[in-house]
Amino acid sequence: MRRRSFLLAALALPALRLPAHAAQGPEIRVLKSPSCGCCTAWADHLSAAGFSVDLRDVPDEQLWTMKDRLGIRDETASCHTAMIEGYVIEGHVPAEDITRLINERPDALGLGVPGMPIGSPGMEMGDSTEPFTTLLLLADGETRAFARHG
């Protein structure tokens, strides 16, 4: 199963471990490029929502290799990838969508917000926002709308 292989491979990463954010709720491991500040802002959003965040910098090539192994397509990719309770979270997915995912437990790889929509968690720019859709990422590569925002 791809999800299990990805999670096992991620555990074996020789990554720089950054301090975890405030721990309360479920643990989410975030893999990001060392140069990406919006990923850190997204991790702060998750921490504020009660998640225990394990934030790790990984080389870009390794991050994109992991996305490829996972089956994340170019059209659903974003700047960071996270894992929580057997699911993959790709991009600036709102904390409430992740909570819904782990409560409902659909048969899926996880959730994704393609690109970096302005106004999504971690991509706040004052009052500027653009609508975006959180996608349910299915094992066959297909997607379905999971939640709409803005």
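Look up: the structure comes first, before these words.
This report concerns the structure included in the present document. (Residues numbered from 1 in each chain as written. Predicted model: local features only at pLDDT ≥ 70, side-chain atom pairs only at ≥ 80, totals over all residues. Heavy atoms only, no water.)

1. So, the state of the cysteines
Note on terminology: disulfide describes a covalent bond linking the sulfur atoms of two cysteines.
Now for step 1: One pass over the structure, following the stated rule, counts zero disulfides.
Now for step 2: Take cysteine 38: it sits in no disulfide, and the sulfur closest to it among the cysteines is that of cysteine 36, at 3.3 Å. (Disulfide = S-S within 2.5 Å.)

2. Regarding the nonpolar core
Now for step 1: By size, the foremost hydrophobic cluster in this structure holds 25 residues, and its most contacted members are Ile28, Trp42, Leu46, Phe51, Val53, Ile89 and Ile98.
Now for step 2: Here this core gets four residues from one element, more than from any other, and that element is helix H4 (residues 95-104).
Now for step 3: In contact with tryptophan 42, not counting residues within four places along its chain, are Ile28, Val30, His80, Ala82, Ile89, Gly91, His92, Val93, Ile98, Pro121 and Gly122.
Now for step 4: Judged by nonpolar contacts, the second largest core, of five residues, contains Cys36, Cys39, Cys79 and Met123. (Core = buried A, V, L, I, M, F, W, Y, C linked by side-chain atoms within 4.5 Å. Buried < 20%, exposed > 50% of the residue type's maximum accessible area, 1.4 Å probe, protein only. Helix = DSSP H or I, 4+ residues; strand = E, 2+ residues; numbered from the N terminus. Contact = heavy atoms within 4.5 Å.)

3. Remarks on the pattern of salt bridges
Side chains carrying opposite charge are able to pair once their charged atoms draw close together.
Now for step 1: The final tally for this structure, using the stated rule, is six salt bridges.
Now for step 2: Of the charged contacts in the structure, one is a salt bridge between arginine 29 and aspartate 54, with a shortest N-O distance of 3.2 Å. Residue arginine 29 is found in strand S2 (residues 27-32), and its partner aspartate 54 is found in strand S3 (residues 52-57); the two are separated by 25 residues along the sequence.
Now for step 3: Residue class for aspartate 54 comes out buried when judged on its relative accessible area of 1%.
Now for step 4: Between glutamate 90 and lysine 67 there is a salt bridge, with the nearest N and O atoms lying 2.6 Å from each other. Placement of the pair is glutamate 90 in strand S5 (residues 87-91) and lysine 67 in helix H3 (residues 60-70), with a sequence separation of 23 residues.
Now for step 5: Bridged by salt links that share partners, the residues Arg29, Asp54 and Arg56 form one connected network. (Salt bridge = Lys/Arg side-chain N within 4 Å of Asp/Glu carboxyl O.)

4. As for the pairing of strand S7 (residues 132-137)
Now for step 1: A large share of S7 lies buried, amounting to five of its six residues.
Now for step 2: In this sheet, S7 lies alongside strand S6 (residues 110-113) in antiparallel orientation, the contact comprising three bridges. Within S7, the position partnered with leucine 111 by the bridge is leucine 136.
Now for step 3: Hairpin connection between S7 and strand S8 (residues 143-149): a loop of five residues separates the two successive antiparallel strands, and glycine 141 in this loop has a positive phi of roughly 95 degrees. (Pairing = 2+ DSSP bridges.)

5. Quick notes on H4
Now for step 1: For H4, every residue scored as buried is listed here: Ala95, Asp97, Ile98, Leu101 and Ile102. Here the buried residues of H4 occupy an arc of 160 degrees about the axis, which is enough to place them on one side. Exposed and oriented more than 90 degrees from the buried face of H4 are Glu96 and Asn103.
Now for step 2: Positive backbone phi, approximately 55 degrees, marks arginine 105, located one or two places after H4. (Arc of directions from axis to C-beta.)

6. Topic: unusual backbone geometry
Now for step 1: Positive phi values are uncommon outside glycine, yet glutamate 85 reaches one of about 45 degrees.
Now for step 2: Here glutamate 85 shows up in the loop between strand S4 (80-84) and S5.
Now for step 3: You will see that arginine 105, though not glycine, has its phi angle at about 55 degrees, which is positive.
Now for step 4: For arginine 105, a relative accessible area of 43% puts it in the partly exposed group.

That is the geometry; function is a separate question.
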